[in-house]
Amino acid sequence: MSKLEELRKKAMALPEQPGVYIMKNADGDIIYIGKAKILKNRVSQYFGSQNNHPSKVRRMVENVFDFDYIIVSSEFEALVLECSLIKEHTPKYNILLKDDKGYSYIKVGNKSWKSISSVFRKDDEDASYYGPYMASDTVNSALKEAMDIFQLPHCNKRFPEDIRKKGRPCLNYHIKLCSGACAGIISREEHNRNVDEALRFVLGGRNEILNELKTEMNKAAESLEFERAAKLRDKIQSIEKISRKQNVVDIKYKNQDVFGIESIGDKSCVNVLTVRKGTIVSTENYITDRLENGEEELIQLLANYYSGRTDFPDRICIEEEISDTEMLFRYLDSLSSKKIRIYSPKAGEGLSLMELAKRNASEKLSRVLTAHDKKRAVLLELKELLGLEKIPSVIEAYDISNMSGSENVGGMITFVDGKPDKKRYRRFEIKGFIGQDDYRSLAEVMERRINEYRENKGTDNSFGIMPDLILIDGGAGQVNAVEPVMKRMGFDVPVFGMVKDGKHRTRAITSVGSEISINDNRSVFTLVSDIQEEVHRYAIGYHRKLKEKNTFSSQLLQIPGVGEQRAKKLLLKFGSMSKLREADVEELMQVQGISEATAEIIYKYLRML
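By convention here, each chain's residues receive numbers from 1 onward along its written sequence. Where totals are concerned, whole chains, interfaces and linings use all residues; where local detail is concerned, this predicted model gives features only for residues with pLDDT of at least 70, and gives and counts side-chain atom pairs only at 80 or more. Excluded from the side-chain calculation are hydrogens and water; included are all heavy atoms of the structure.

Visitor: Help me understand the overall build of the protein, please; the structure alone is not making it clear to me.
Guide: Helix and strand labels come from DSSP, where a helix needs a run of H or I of at least four residues and a strand needs a run of E of at least two; each type is numbered from the N terminus. What the protein contains, in helices and strands, is 20 helices and 20 strands. Here the term buried applies to any residue with accessible area under 20% of the maximum for its type, exposed to any over 50%, and partly exposed to those in between, with areas from a 1.4 Å probe on protein chains only. Per-residue burial for the protein yields a buried fraction of 46% across its 609 residues. Long-range pairs, those at least 24 residues apart, make up 60% of the contacts in the protein between residues at least 6 apart in sequence. Contact between two residues is taken to exist if any of their heavy atoms lie within 4.5 Å; hydrogens are not considered.

Now the structure itself:
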């Protein structure tokens, strides 16, 4: 009995009651924790046919050696226990919402000249720390704004050690982003006051500070302290400018969390926009394994996100609707004192915020993924777009080139993992017929390619493996010319055509029965365009080279005493007519079969042309 059959037998013996199941690998490590309304039904699904499972679930099942379970009285209790166990064990295949940068603190250095900065750990016993904050980007952005408004130095200078009263301040002073402490322009007391005000600003005292500054400005003006009043006015204007910038979008629903999810390859990013009092106050990014299991993963994601939190919205916005929300509502109600609504926006402000969150998630993913990840991600998107069974790691593309039926050639290029592999490029001179017929040419090329595979299968020869996908430069007619050959020869490789528009630009991918637009998928469009341009360049390059060779050969045959064999040897030796013309008699005699007399005839003939 196989391990899968053994696990299925054990699963079929489970009770038909709600509970939590705990999957373990061969080392006894917990790799997945889930909940079930009926344990027997849910767990046995894992160990049946693997064809219906998403790839992440299949990978998890492949690593399951055994499982445990805990019976509870309701599915709600199962959800609560599931969240608790996931937080405790952090299993590999569960959704683990880890902030992309970790927790952030605001650090205030308490030396004679105070300093303020954002840090990831507490490393100074004499400093004061505020936090931790999960939204690191938001903290850094707010801190920069506060330092600009209160003209705190952004440099690494230390005070009072680096104060040079006769020195000149940097550009930031002249554009009113620094008070010039390094040049002794500001006193220690005023500098420290600015640090305290910046801290209040970051911690949420913006409106309070604004009212105080306005009062101080009016008093300074009444006392004829116009320079001080002007400085206070500048701070007020800076705060108001930032406030206007942050409220460009008037968010009507004042208290909500918006979840945007984007996936590339085997990774997903969850971006959470936190809206409070009608303003986006923070944004958080979480990188996790690809989310592909629908409603079950969404419920787990939301339950894990809000478990242990104290700040709850009135509304949660998610893209996908959850049909069974009763249990999730109960769980959220147990955490919060307010009723929370779950909303899937289809238009208006909610949809705009959702799209903003998705753009943030997509941008974050594009930054954290490596170049290899991105190539694999594009291939995964191509797989899904074309409905392929597996990721097309090896792609072959074909094109035919000729001029009125002469020098009829085919070009084959190979892309491996999204990049050209020029060692595996191949050229075919059409031999089966004379004349212009792209369909017959493609059929001949494909038959010769498959025969090469049969002869070289299992060797290091580049023909020794078949591709995962074949692309033809052309439409349904070209595809229809190739597919019968493959079926007749017993090969089942997906074949699609690359269609161009009236301006010879890639427009779509086609099969015999339908056309698939790729204009809306930028990454797939770029890959297919690159493949189409490369195979066209390669095929037409071979056509031109063959034409030049044949022209060269025909010219040589006009020389007395030069037949096909001697013309071929001269062609191999010199490569082009221009190089042959530059050769002297002695160089011509170096070619096998060319005597001194023949060399002199060739030499004189070429100079008469």
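Moving on from the model shown.
Visitor: Hey, could you run me through helix α3 (residues 55-62) in this one?
Guide: Structurally, the α-helix is built with 3.6 residues per turn, so residues lying three or four positions apart point the same way. Of the positions making up α3, those classed as buried are Lys56, Val57, Met60 and Val61. The buried side chains of α3 occupy one side of the element, clustering within an arc of 135° when seen end-on. Looking at the buried positions of α3, the neighbouring elements they touch are α1 (3-12), β1 (19-24), β2 (30-36), α2 (39-46), β10 (279-289) and α10 (295-306). In this description, one arc is meant: the one made by directions from the helix axis to the C-beta atoms.

Visitor: Help me understand the environment of Lys9, please; the structure alone is not making it clear to me.
Guide: For Lys9, the position within the fold is in helix α1. For Lys9, a relative accessible area of 59% corresponds to the exposed category.

Visitor: Would you explain empty space enclosed by the protein in this entry?
Guide: Over the atoms, a rolled probe matching the size of one water molecule traces out where space is still vacant. The method works on a 1 Å grid over the protein atoms by themselves. A cavity is a set of points holding a 1.4 Å probe that cannot get out, a pocket is an open set with protein on both sides within 12 Å along at least five of seven lines, and residues with an atom within 4 Å of a point line them. Grid points are joined across faces, edges and corners, and a volume is the space filled by probe spheres set on the points. Within the structure shown, the criterion is met by two cavities of 30 Å³ or more. A volume near 140 Å³ is recorded for the largest cavity. Secondary-structure elements contributing two or more residues to the lining of the largest cavity are α2, α3 and α10. All residues other than Ala, Val, Leu, Ile, Met, Phe, Trp, Tyr, Cys, Pro, Asp, Glu, Lys and Arg, Gly among them, are scored as polar; the first ten of these are nonpolar and the last four charged. Of the residues belonging to the lining of the largest cavity, the class tally is six nonpolar, three polar and four charged.

Visitor: Just to check I follow, could you spell out the packing of helix α4 (residues 75-89) against helix α11 (residues 326-335) for this structure?
Guide: Packed helices, taken two at a time, are described by their axes: the angle between them and the distance between them. Axis angles are defined between N-to-C directions and span 0 to 180 degrees, where every axis is a line fitted to C-alpha atoms and, for a helix, only to the segment in contact. Taken N-terminus to C-terminus, the directions of α4 and α11 make an angle of 55°; their axes are 10 Å apart at the nearest point. Considered as vectors, α4 and α11 are oriented oblique to each other. The chirality of how α4 crosses α11 is right-handed. When α4 is examined against α11, the residues Glu75, Phe76, Leu79, Val80 and Cys83 are found in contact with a partner set consisting of Met327, Arg330, Tyr331 and Ser334. Considering only residue class, the contact of α4 with α11 consists of six nonpolar, one polar and two charged. Note on terminology: angles under 35 degrees are roughly parallel, angles over 145 are roughly antiparallel, angles of 65 to 115 are roughly perpendicular, and the others are oblique. Should the near helix be turned counterclockwise from the far one by less than a right angle, the crossing is left-handed, whereas a clockwise turn marks it as right-handed.

Visitor: Even after reading the chapter, I still don't get the side chain of Asp399, so can you show me in this structure?
Guide: Topologically, Asp399 is positioned in strand β13 (residues 394-403). Two residue types count as positive, namely Lys and Arg, and two as negative, namely Asp and Glu; His and chain ends fall outside the count. For this analysis, a salt bridge means a side-chain nitrogen from Lys or Arg found within 4 Å of a carboxyl oxygen belonging to Asp or Glu. With no salt bridge to any partner, buried Asp399 finds its closest opposite charge in Lys500, at an N-O distance of 6.2 Å. We call two N or O atoms a polar contact when they sit within 3.5 Å, provided that within protein one can donate a hydrogen and the other can accept it, with sequence-adjacent residues counted only if both atoms are side-chain atoms. Among the polar contacts made by the side chain of Asp399, one reaches the side chain of His536 at a distance of 3.2 Å. If near-sequence neighbours (up to four positions away) are discounted, Asp399 is found in contact with Val409, Gly410, Gly411, Asp473, Val535, His536 and Ala539.

Visitor: Looking at this structure, I do not really get the pattern of salt bridges. What am I missing?
Guide: Close approach of charged atoms allows side chains of opposite charge to pair. Per the counting criterion, the structure on display carries 27 salt bridges. Shared partners join several salt bridges into a network, and the residues in it are Glu197, Arg200 and Glu212.

Visitor: Would you take a moment to explain the nonpolar core for this structure?
Guide: Side-chain atoms within 4.5 Å link the members of a nonpolar core, which is a set of buried Ala, Val, Leu, Ile, Met, Phe, Trp, Tyr and Cys residues. By size, the foremost hydrophobic cluster in this structure holds 26 residues, and its most contacted members are Phe259, Leu302, Tyr306, Ile316 and Ile318. For this core, the secondary-structure elements that each account for two or more residues are α4, β9 (267-276), α10 and α11. At seven residues, α10 tops the list of elements feeding residues into this core.

Visitor: Which parts of the structure should I look at to understand the pairing of strand β19 (residues 506-510)?
Guide: The two faces of a sheet get side chains in turn, since along a regular strand they alternate between them. The buried fraction of β19 is high, at four of five residues. Pairing between strands requires that DSSP locate at least two bridges from one strand to the other. In this sheet, β19 lies alongside strand β18 (residues 495-500) in antiparallel orientation, the contact comprising four bridges. Following the sheet pairing, Met498 is matched in β19 by Ile509. Taken together, the three bridges between β19 and strand β20 (residues 515-517) define a ladder with antiparallel strand orientation. Across the sheet, Ile509 pairs through a bridge with Ile516, a residue of β20.

Visitor: Quick question: what am I supposed to make of the sheet that holds β1 here?
Guide: Backbone-to-backbone hydrogen bonds pair the strands of a sheet. The strands run either parallel or antiparallel. The antiparallel open sheet is built from three strands, whose spatial order is β2-β1-β3. The sheet is open, and its two edges are formed by β2 and β3 (66-71), each paired on a single side. Here the average twist between neighbouring strands, direction ignored, is 20°. Contacts from α4 reach β1, β2 and β3, with the element oriented near 165° to β2.

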